[in-house]
Amino acid sequence: MDCWHCKRTAVGTCRFCGRGICEDHVETHPYILDTFRSGDVNKVLVVEDALFCGACTPRPDPVELPELK
Ligand SMILES: [Zn+2]
Ligand SMILES: [Zn+2]
């Protein structure tokens, strides 16, 4: 796979959109792995430095999912 920005060989893929990223263009961005409830508070489990391509725009907060039935 090639880098989305410069077409060099990618070293990883963006955690958010799946674009390829080379070592020059790799960035990191917090990624919410999971949300859970602890007592009366909702908590999120976050990876601070997930691979990020710099081209997509992850939302800072998770979007509410309409109920799936
Ligand atoms: Zn690149
Ligand atoms: Zn991306």
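Details of the structure are given in the entry above.
Just so you know, these numbers come straight off a predicted model, no measurement behind them. (Residues numbered from 1 in each chain as written. Chains lettered and ligands numbered in written order. Predicted model: local features only at pLDDT ≥ 70, side-chain atom pairs only at ≥ 80, totals over all residues.)

Student: Before we go on, may I ask you to explain the overall build of the chain in this structure?
Tutor: Within the chain, the regular secondary structure consists of zero helices and four strands. Sequence-ordered secondary structure for the chain, helices as α and strands as β, is β-β-β-β. Computed over its C-alpha atoms, the radius of gyration of the chain comes to 15 Å, more than 25% above the 11 Å expected for a compact globule of 69 residues. Relative to all contacts within the chain whose residues are 6 or more apart in sequence, the contacts with residues 24 or more apart total 33%. (Helix = DSSP H or I, 4+ residues; strand = E, 2+ residues; numbered from the N terminus. Rg over C-alpha atoms; globule rule 2.2 N^0.38 Å. Contact = placed C-beta atoms within 7 Å.)

Student: So what exactly am I meant to see when it comes to the pairing of strand β4 (residues 41-52) here?
Tutor: Side-chain positions along a regular strand alternate between the two faces of the sheet. Of all 12 residues making up β4, only one are buried, and the element is barely covered by its neighbours. Note: strand β3 (residues 27-38) against β4, 10 bridges, orientation antiparallel. Of the residues in β4, the one forming a bridge with Ser-38 is Val-41. Where β3 hands over to β4, the hairpin turn is made up of two residues, of which Gly-39 adopts a positive phi near 65°. (Buried ≥ 20, exposed ≤ 12 C-beta atoms within 10 Å, placed from the backbone. Pairing = 2+ DSSP bridges.)

Student: I tried to follow the nonpolar core on my own but got confused; where do I start?
Tutor: Soluble globular proteins: nonpolar side chains tend toward being buried together. Formed by Cys-3, Trp-4, Ala-10, Cys-14, Ile-21, Phe-52 and Cys-53, the largest nonpolar core amounts to seven residues. What Trp-4 contacts, discounting residues up to four positions off in sequence, is Arg-19, Gly-20, Ile-21, Cys-53 and Ala-55. (Core = buried A, V, L, I, M, F, W, Y, C linked by C-beta atoms within 7 Å.)

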